[in-house]
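Commentary on secondary and tertiary structure
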Amino acid sequence: MKKKIFSLELIIIPALGLLTFLLACLLGSWRFLIETFFHSFDDTFMDFFNSIRDAAKFNVYTQYHVIYSPLVTLYFMFCSFFIPDSALDHATTQYVMQRQPMSYVLLGIFLIVCFVLLFFALKRLLKKQSKAQIIFIYCLAIFSFPFLYTIERGNTLLLTFVLIVIFYAFYDGEKKYHKDIALLALALATTIKLYPVIFALILFKKKAWKDITKFGIFTTLLLFVPFIFYGGLEGLYIIIYSALNLFGEQLQFFSNVFLVLYYGVGVPLRIAKLVNYFVILLLVINFFLVKKQYQEYTILAIILMCISPGTEPYTSIFFLTSVFLLIKEERKGYLEIIYMANLLLLLTFNPLTWSLNVLTFAYMVVFYILHFVIIPIPIIKTWYLNKVKPKEIPNE
């Protein structure tokens, strides 16, 4: 009989992750502990505070070339109304924002909204779990490395992650408007941080054309209508140009998932890039093979890490949703426990501080073996029994 819920595993696996982290500090370098957060805390919350400074006027795209959508910049412009003009002046140091009490009030409101939305989304997503289990899982999430890192940066990716959880919590809801809430949440997540659009592939795999149409309408309205405040088509051109420039700069790098190939193992840069692109291709193929929700979602989260170099401390927060979907899975075996252990170990570390470590290589080997070898086995077996085996049976 397979287990229906995780219980002891959810306690043991994080404990092993913490133990591994401490061993890495003792046997390797204390930089694992000291450099876990951005610049050792001297730049705390500045993603949020800098965005308020940049968005204070309508020159956010023309002068500062930010790539946030206009809906987000309008929100930060609203926040700037509560900050003294002296702190918004770019002629002064940006860190003057850290001395403004209202900066922390605004950030606090943003974080509280994220915390509350996440709790109620989890409560709905994991409705078959007990209240005590949901609270434990909630605490496990908010004390994970990527969640704390995103808070420390004050990055809007935190809200994007929460919206993705809301999407999964409501998409298969009993009432019609539940699906609309889910699609609106996915559209808003895409509007805040453009790259979560990759999760819309789930709708294409389901061939949910009506939902894809609704998602497209919601995204278009949220993404493009606010441009009327930023010069219309001219503002749209500027943000696209800035985004393409940034993407072009990032193309010369590759995900830290494969830094170990270049710096650690000594694989030539071009080959390391090719490996990265080849693995992305394999992941896309694998995405259309796997059947379970957590498998589909995690593949897309890995692709996101592969195509967004240097953002692993942020984007690894999406693996928390993989944990939630694993817990939601009704029938679990040893494969799911191994999968859960691997995910929770990732959520213990800052990938940037251990990207050259042997532990990284070992982790990635396990992760990709799970996806490319173990997970497709049941699919291949089913295909063989349904397609190949009947042809071998002679006619009577």
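Up top is the structure.
Because the structure is predicted, anything quoted here is derived from the model rather than measured. (Residues numbered from 1 in each chain as written. Predicted model: local features only at pLDDT ≥ 70, side-chain atom pairs only at ≥ 80, totals over all residues. Heavy atoms only, no water.)

All right, on to the environment of Asp-172 then. Structurally, Asp-172 can be placed in the loop between α9 (157-171) and α10 (176-192). On the basis of relative accessible area, Asp-172 is assigned to the exposed category, the value being 52%. When the C-alpha positions of Asp-172 and Ala-182 are compared, they lie 8.7 Å apart, and in sequence the two are 10 residues distant. (Helix = DSSP H or I, 4+ residues; strand = E, 2+ residues; numbered from the N terminus. Buried < 20%, exposed > 50% of the residue type's maximum accessible area, 1.4 Å probe, protein only.)

So, about the packing of helix α3 (residues 46-54) against helix α6 (residues 101-125). As a packed pair, α3 and α6 sit with axes 11 Å apart at the nearest point and diverge in direction by 115 degrees. Regarding the angle of α3 to α6, the classification is roughly perpendicular. Crossing geometry of α3 relative to α6 is assigned as right-handed. From α3, Phe-48, Phe-49 and Ile-52 reach across to α6, where they touch Ser-103, Tyr-104, Leu-106, Leu-107 and Phe-110. Split into classes, the residues belonging to the contact of α3 with α6 amount to seven nonpolar, one polar and no charged. (Axes fitted to C-alpha atoms, helices over the stretch in contact; angles between N-to-C directions. Parallel < 35°, antiparallel > 145°, perpendicular 65-115°, else oblique. Left-handed = near helix turned anticlockwise from the far one by under 90°. Contact = heavy atoms within 4.5 Å. Nonpolar A, V, L, I, M, F, W, Y, C, P; charged D, E, K, R; others polar.)

Right, let's talk about the packing of aromatic side chains for a bit. Given two aromatic rings, one states the distance between the centres and the angle between the planes to describe the pair. Scanning the entire structure with this criterion turns up 24 aromatic pairs. Where Phe-45 meets Phe-49, the ring centres are 6.1 Å apart and the plane angle is 70 degrees; that geometry is what we call edge-to-face. In this structure, Phe-45 and Phe-49 share a single accessibility class: buried. For the ring pair Tyr-149 and Tyr-314, a centre distance of 5.3 Å and an interplane angle of 80 degrees mean the geometry is edge-to-face. Separated by 165 residues along the polypeptide, Tyr-149 in helix α8 (residues 145-153) and Tyr-314 in helix α17 (residues 312-315) bring together distant segments of the chain. Ring pairs connect the aromatic residues Phe-45, Phe-48, Phe-49, Tyr-68, Tyr-75, Phe-76, Tyr-104 and Phe-110, which therefore count as one cluster. Seen from the ring of Phe-170, Arg-124 lies directly overhead, with NZ or CZ sitting 4.7 Å from the centre. (Phe/Tyr/Trp six-rings, centres within 6.5 Å; stacked < 30°, edge-to-face > 60°. Lys NZ or Arg CZ within 6 Å of the ring centre and 35° of its normal.)

Turning our attention to α10. Here α10 is 17 residues long and its end C-alpha atoms lie 25 Å apart, about the 24 Å a rise of 1.5 Å per residue gives. Taken together, the buried positions of α10 are His-178, Ala-182, Leu-183, Ala-185, Leu-186, Ala-187, Ala-189, Thr-190, Thr-191 and Ile-192. Taken together, the buried residues of α10 touch α4 (70-80), α6, α9, α11 (201-206) and α12 (209-224). (Expected span 1.5 Å × (residues − 1).)

On to the nonpolar core. By size, the foremost hydrophobic cluster in this structure holds 96 residues, and its most contacted members are Ile-52, Leu-118, Phe-147, Phe-161, Phe-199, Phe-318 and Phe-324. When residues of this core are assigned to their parent elements, the largest contribution, 14 residues, is made by α9. Contacts of Leu-118, omitting those with residues within four sequence positions, involve Tyr-138, Ile-142, Phe-147, Phe-161, Val-162, Val-165 and Phe-324. Counting six residues, the second-largest nonpolar core is a separate cluster that includes Val-60, Val-66, Met-77 and Phe-227. (Core = buried A, V, L, I, M, F, W, Y, C linked by side-chain atoms within 4.5 Å.)

The full count for this structure, using the stated rule, is nine salt bridges. For Arg-153, the salt bridge identified is with Asp-43, shortest N-O distance 2.8 Å. In this pair, Arg-153 is assigned in helix α8 and Asp-43 in the loop between α2 (31-34) and α3, connecting sequence segments 110 residues apart. Take Arg-153 and Asp-43: they sit in the same class, and that class is buried. The partner of Glu-329 in a salt bridge is Lys-292, and the shortest N-O contact between them spans 4.0 Å. With a gap of 37 residues between them, Glu-329 in the loop between α18 (319-328) and α19 (334-346) and Lys-292 in the loop between α15 (269-287) and α16 (293-307) connect regions that are remote in the sequence. Classification of Glu-329 as buried rests on a relative accessible area of 17%. (Salt bridge = Lys/Arg side-chain N within 4 Å of Asp/Glu carboxyl O.)

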